[in-house]
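# Fold and geometry: a report
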Amino acid sequence: RTRVLRRLLKKMRDAKKIDKHIYHTLYLHAKGNQFKNKRVLLETIHTMKAEVAKAKALADQAEAKKSRARARVAKRAKRNEKSSEQ
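My aim in this report is to walk through the structure given alongside it, one point at a time.

What counts as what
Residues numbered from 1 in each chain as written. Predicted model: local features only at pLDDT ≥ 70, side-chain atom pairs only at ≥ 80, totals over all residues. Heavy atoms only, no water. Helix = DSSP H or I, 4+ residues; strand = E, 2+ residues; numbered from the N terminus. Buried < 20%, exposed > 50% of the residue type's maximum accessible area, 1.4 Å probe, protein only. Contact = heavy atoms within 4.5 Å. Areas by Shrake-Rupley, 256 points an atom, 1.4 Å probe, with all protein chains shown as cover. Lys, Arg positive; Asp, Glu negative; His and termini not counted. Charge placed at Lys NZ, Arg CZ, Asp CG, Glu CD. Salt bridge = Lys/Arg side-chain N within 4 Å of Asp/Glu carboxyl O. Phe/Tyr/Trp six-rings, centres within 6.5 Å; stacked < 30°, edge-to-face > 60°. Axes fitted to C-alpha atoms, helices over the stretch in contact; angles between N-to-C directions. Parallel < 35°, antiparallel > 145°, perpendicular 65-115°, else oblique. Nonpolar A, V, L, I, M, F, W, Y, C, P; charged D, E, K, R; others polar. Core = buried A, V, L, I, M, F, W, Y, C linked by side-chain atoms within 4.5 Å. Expected span 1.5 Å × (residues − 1). Polar contact = N/O pair within 3.5 Å; in protein donor to acceptor, adjacent residues only side chain to side chain.

What follows deals with the overall build of the protein. The secondary structure content of the protein amounts to three helices and zero strands. Along its sequence from the N terminus, the protein presents helices and strands in the succession α-α-α. When its C-alpha atoms are laid out on the principal axes, the protein stretches across 80 × 20 × 15 Å. Classification of the 86 residues of the protein by burial places 14% in the buried group. Partitioning the intrachain contacts of the protein with sequence separation of at least 6 by distance along the chain shows that 57% fall at a separation of at least 24. Carbon and sulfur atoms provide 53% of the accessible area of the protein, an area that totals close to 7,300 Å². On the protein, the mean spot of the 27 positive side-chain charges and the mean spot of the 8 negative ones are 9 Å from each other.

Overall, the coordinates contain four salt bridges when judged by the stated rule. As a salt-bridge pair, R13 and D14 come within 3.8 Å of each other at their nearest N and O atoms. The partner of D60 in a salt bridge is K56, with the nearest N and O atoms 3.5 Å apart. Taken together, the positions of D60 and K56, both in helix α3 (residues 38-85) and four residues apart, correspond to about one turn of that helix.

Bringing the packing of aromatic side chains into the picture now. For the structure on display, the rule yields one aromatic pair. Ring centres 5.7 Å apart and planes at 40° place the aromatic pair Y23 and Y27 in the tilted group. Residue Y23 and its partner Y27 are located together in helix α2 (residues 20-31), separated by four residues, close to a single helical turn.

Moving on, we get to the packing of helix α1 (residues 2-14) against α2. Closest axis-to-axis distance for the α1/α2 pair is 10 Å, and the angle between their directions is 175°. What the angle tells us is that α1 and α2 run roughly antiparallel. Between α1 and α2, the residues in contact are T2, L5, R6, L9, K10 and R13 and Y23, L26, Y27, A30 and K31, respectively. Grouping the constituent residues of the contact of α1 with α2 by class yields six nonpolar, one polar and four charged.

Another point: the nonpolar core. Formed by L5, L8, L9, M12, I18, I22, Y23, L26, A30, F35, L41 and I45, the largest nonpolar core amounts to twelve residues. Looking at this core, the elements with two or more residues in it are α1, α2 and α3. Beyond its immediate chain neighbours, meaning those up to four positions away, I22 contacts M48, K49 and V52.

Here α3 is 48 residues long and its end C-alpha atoms lie 70 Å apart, about the 70 Å a rise of 1.5 Å per residue gives. For α3, the capping residue at the N-terminal end is N37, with a side-chain oxygen 3.3 Å from the backbone nitrogen of R39.

Now the structure itself:
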């Protein structure tokens, strides 16, 4: 069973379906007998990939929000600078 799980992890890593961080975590879980069978491992992979994608989406949203705020502050500063010149 352990060989099957490790082989699946290796195939998915080589196919770029999982990154090296997820691979390492799941490899250690497989070594520690956390997965009853291949199906459970696949479910765990899907949930971990979903979590990573969600975190990435949230980070992108936060970065977009910060960039809009920076642009707004710069625009306000420019407007204040113009009005103080007059």
